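If you want the building blocks of each chain, they are given just below.
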Amino acid sequence: MSTESANRFLEAIAYDETLRDRFEGVTNPDDFVRITEQLGYSFSTDELMAIAKEQSQGVIVRRHTGVWKWLRTISWV
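Q: Please set out the overall build of the chain residue by residue, giving values where relevant.
A: Per the secondary structure count, the chain includes 5 helices and 0 strands. Going from the N terminus to the C terminus, the chain shows its helices and strands as α-α-α-α-α. Burial analysis of the chain (77 residues in total) assigns 35% to the buried set. The contacts in the chain between residues at least 6 apart in sequence include a share of 65% that link residues at least 24 apart.

Below is the structure:
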């Protein structure tokens, strides 16, 4: 598992709507991780959340589209 893999995933999914569509029905971390592993990524949800937090620092305005909205819809607990 690695934060490098999480970074690659976030970069890919930010620009690829088809990739985001693969996660449309995901509602829990286990399903999320299963799909990311099928796509060749290897990271924990903790690593993903650390990267997302790091990349979100100082962000005031949030778009209503894109990967960040999608990440907020999953129940990570």
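Q: Go over the confidence of the model for the chain, please, and point to the residues and values.
A: Averaged over every residue, the pLDDT of the chain is 80; residues scoring 70 or more account for 75%. When pLDDT is averaged over each element of the chain, helix H3 (residues 29-38) comes out on top at 90 and helix H5 (residues 67-72) at the bottom at 63.

Q: Just give me the short version of a negative patch on the surface, but keep the residues and values in it.
A: A contiguous patch of negative charge on the surface is contributed by Asp16, Glu17, Asp21 and Glu24. What makes aspartate 21 partly exposed here is its relative accessible area of 43%.

Q: I'd like a description of the packing of aromatic side chains, backed by residues and values.
A: If you walk through the whole model with that rule in mind, you get 6 aromatic pairs. Each ring, one from phenylalanine 9 and one from tyrosine 41, has its centre 5.3 Å from the other, and the planes form 75°; the classification is edge-to-face. Note that phenylalanine 9 is positioned in helix H1 (residues 3-15) and tyrosine 41 in the loop between H3 and helix H4 (45-56), a separation of 32 residues in sequence. With a relative accessible area of 0%, phenylalanine 9 lands in the buried category. A relative accessible area of 14% means that tyrosine 41 is categorised as buried.

Q: Before we move on, can you summarise the nonpolar core with the specific residues and values?
A: Residues Phe9, Phe23, Phe32, Phe43 and Leu48 are the most contacted members of the largest nonpolar core, which totals 14 residues. Breaking this core down by element, the ones donating at least two residues are H1, H3 and H4. Per element, the largest residue contribution to this core is 4 residues, and it comes from H1.

Q: Residues and numbers for the side chain of glutamate 47, please.
A: Position of glutamate 47 among the secondary structure elements: in helix H4. For the buried glutamate 47, which has no salt bridge, the nearest side chain bearing the opposite charge is arginine 8, at an N-O separation of 11 Å. A distance of 2.8 Å separates the side chain of glutamate 47 from the backbone nitrogen of serine 44, its partner in a polar contact.

Q: Any chance you could break down the environment of serine 5 for me, citing the residues and the numbers?
A: Take serine 5: it is sitting in helix H1. For the pair serine 5 and phenylalanine 43, spaced 38 residues apart in sequence, the C-alpha separation works out to 6.2 Å. Not counting residues up to four positions away in its chain, the partners in contact with serine 5 are Tyr41, Ser42 and Phe43.

Analysis parameters
Residues numbered from 1 in each chain as written. Predicted model: local features only at pLDDT ≥ 70, side-chain atom pairs only at ≥ 80, totals over all residues. Heavy atoms only, no water. Helix = DSSP H or I, 4+ residues; strand = E, 2+ residues; numbered from the N terminus. Buried < 20%, exposed > 50% of the residue type's maximum accessible area, 1.4 Å probe, protein only. Contact = heavy atoms within 4.5 Å. pLDDT = per-residue confidence, 0-100. Patch = residues over 30% accessible without salt bridge, like charges linked within 9 Å, V, L, I, M, F, W, Y side chains within 5 Å. Areas by Shrake-Rupley, 256 points an atom, 1.4 Å probe, with all protein chains shown as cover. Salt bridge = Lys/Arg side-chain N within 4 Å of Asp/Glu carboxyl O. Lys, Arg positive; Asp, Glu negative; His and termini not counted. Charge placed at Lys NZ, Arg CZ, Asp CG, Glu CD. Phe/Tyr/Trp six-rings, centres within 6.5 Å; stacked < 30°, edge-to-face > 60°. Core = buried A, V, L, I, M, F, W, Y, C linked by side-chain atoms within 4.5 Å. Polar contact = N/O pair within 3.5 Å; in protein donor to acceptor, adjacent residues only side chain to side chain.

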